[in-house]
Amino acid sequence: QIHLVQSGVEVKKPGASVRVSCKTSGYSLSNYGVYWVRQAPGQGLEWLGWINADTGHTNFARKFEGRVTMTTDTSTTTVYMELRSLRSDDTAVYYCARFKWLGDYYFDSWGQGTLVTVSS
Amino acid sequence: EIVMTQSPATLSASLGEGATLTCRASQNINFNLAWYQQKPGQAPRLLIYRTSTRATGVPARFIGSGSGTEFTLTISSLQSEDFAVYYCQQYNNWPPGDTFGPGTKVDIK
């Protein structure tokens, strides 16, 4: 069975960094990428970027370039998203989701979400 | 870049009524469209892919249709568990980017 399990709630001060993990299981990383979106309170889904979890190839939304990093630990099949220089408007629930690499990239499995609160 | 729009922003309906949600793409995306349902405090859940194929476990009352630039999600008879936000997502052009529409909230009249 396919699972994506994310790390827990984070509370950060402005200017700090946060790293959210997404532990995958039940499928082969080599056939899938991991896509990250966030959702601010009461808002829609905002794309941050994605990573090919096997090769490490990444692509980021222009808005987050220079501020976001995505990495993979293939030994633990865990994907990480780090966001730096946090601001109050980065407060959101962050989700990971898998998509088929070089295929139909709809998102058939999702993590449960990680609430990141940025507050002084 | 393909821009997705959804209408209405909010749809109010009663239990047992039908509901029709619309999603439009700024350019032709063929049949490469998915729908997701999101309930409060939960992650989005894949409902439909390739315009009309229901994901595993999705009830038959969820019906997707359309092609090209205009798509609809019809819920034939609303159940209490269907009140949620629905997002459409295109996956026509590689690589993936900003692919989601803004969402339609279905709430109880």
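The paragraphs below set out a description of the structure included in this document. Within each chain, residues carry numbers counting from 1 in the order of the written sequence. Going through the entries in the order they are written, you letter the chains from A and number the ligands from 1. In keeping with the model being predicted, local features are shown solely for residues with a pLDDT of at least 70 and side-chain atom pairs are shown and tallied solely at 80 or more, while totals for entire chains, interfaces and linings include all residues. Remark: hydrogens and water are excluded; side-chain values derive from all non-hydrogen atoms of the structure.

It is worth spelling out the overall build of chain B at this point. Each helix corresponds to a stretch of at least 4 residues labelled H or I by DSSP, and each strand to a stretch of at least 2 residues labelled E; elements are numbered beginning at the N terminus. Counting secondary structure elements, chain B contains zero helices and 10 strands. Order of helices (α) and strands (β) in chain B, N terminus to C terminus: β-β-β-β-β-β-β-β-β-β. In terms of C-alpha radius of gyration, chain B reaches 13 Å, essentially the compact-globule figure of 13 Å for 109 residues. Projected onto its principal axes, the C-alpha positions of chain B cover 40 × 25 × 25 Å. Relative to its 109 residues, chain B shows a buried fraction of 48%. Should any heavy atoms of two residues lie within 4.5 Å, those residues are considered in contact. Taking as baseline every contact in chain B between residues at least 6 positions apart, the subset at least 24 positions apart corresponds to 57%. To measure how exposed things are, a 1.4 Å probe is used in the Shrake-Rupley method; for residues, cover is taken only from the protein chains shown. Only carbon and sulfur atoms are counted for the fraction: they give 48% of the accessible area of chain B, which is about 4,800 Å². Positive charges come from Lys and Arg, negative ones from Asp and Glu, while His and the chain ends are left out of the count. Charge positions are represented by NZ for Lys, CZ for Arg, CG for Asp and CD for Glu. For chain B, the centre of its 8 positive side-chain charges and the centre of its 7 negative side-chain charges are spaced 6 Å apart. Only C-alpha atoms enter the radius of gyration; for comparison, a globular chain is expected to reach 2.2 Å times N to the power 0.38, where N is the number of residues. Any residue under 20% of the maximum accessible area for its type is buried, any over 50% is exposed, and the rest in between are partly exposed; the area is computed with a 1.4 Å probe on protein chains only.

What follows concerns the sheet that holds strand β7 (residues 62–67) of chain B. Residue and element names in this part refer to chain B. Here, a strand pair is defined by DSSP locating no fewer than two bridges between the strands. Taken in spatial order, the four strands of this open sheet run β1-β3-β8-β7, and their pairing is antiparallel. Two strands bound the open sheet, and with one partner strand each, they are β1 (4–7) and β7. Put simply, the sheet's adjacent strands are angled 20° from each other on average, direction ignored. All axes are obtained by fitting lines to C-alpha atoms, using only the stretch in contact for helices, and the reported angles, taken between N-to-C directions, cover 0 to 180 degrees.

As used in this record, nonpolar core signifies buried Ala, Val, Leu, Ile, Met, Phe, Trp, Tyr and Cys residues forming a set joined through side-chain atoms within 4.5 Å. Counting 70 residues, the largest nonpolar core has W36(A), M81(A), W110(A), W35(B), Y86(B) and F100(B) as the members making the most contacts within it. Considering every element that reaches this core, the biggest residue donor is strand β9 (residues 92–100) of chain A, with six residues.

On to the state of the cysteines. A covalent bond bridging the sulfur atoms of two cysteines is what the word disulfide describes. By convention in this document, the label disulfide applies to cysteine sulfur atom pairs within 2.5 Å. Per the stated rule, a full pass over the model turns up two disulfides over all chains. Covalent S-S linkage joins C22(A) and C96(A), the inter-sulfur distance amounting to 2.1 Å. Between C22(A) and C96(A), the S-S dihedral sits near 80°, and the bridge is therefore right-handed. Of this pair, C22(A) sits in strand β3 (residues 18–25) while C96(A) sits in strand β9; the two residues are 74 residues apart in sequence, bridging distant segments of the chain. The same class applies to C22(A) as to C96(A), namely buried. Between the sulfur atoms of C23(B) and its disulfide partner C88(B) the distance amounts to 2.1 Å. Judged by the sign of its S-S torsion, about 75°, the cystine formed by C23(B) and C88(B) is right-handed.

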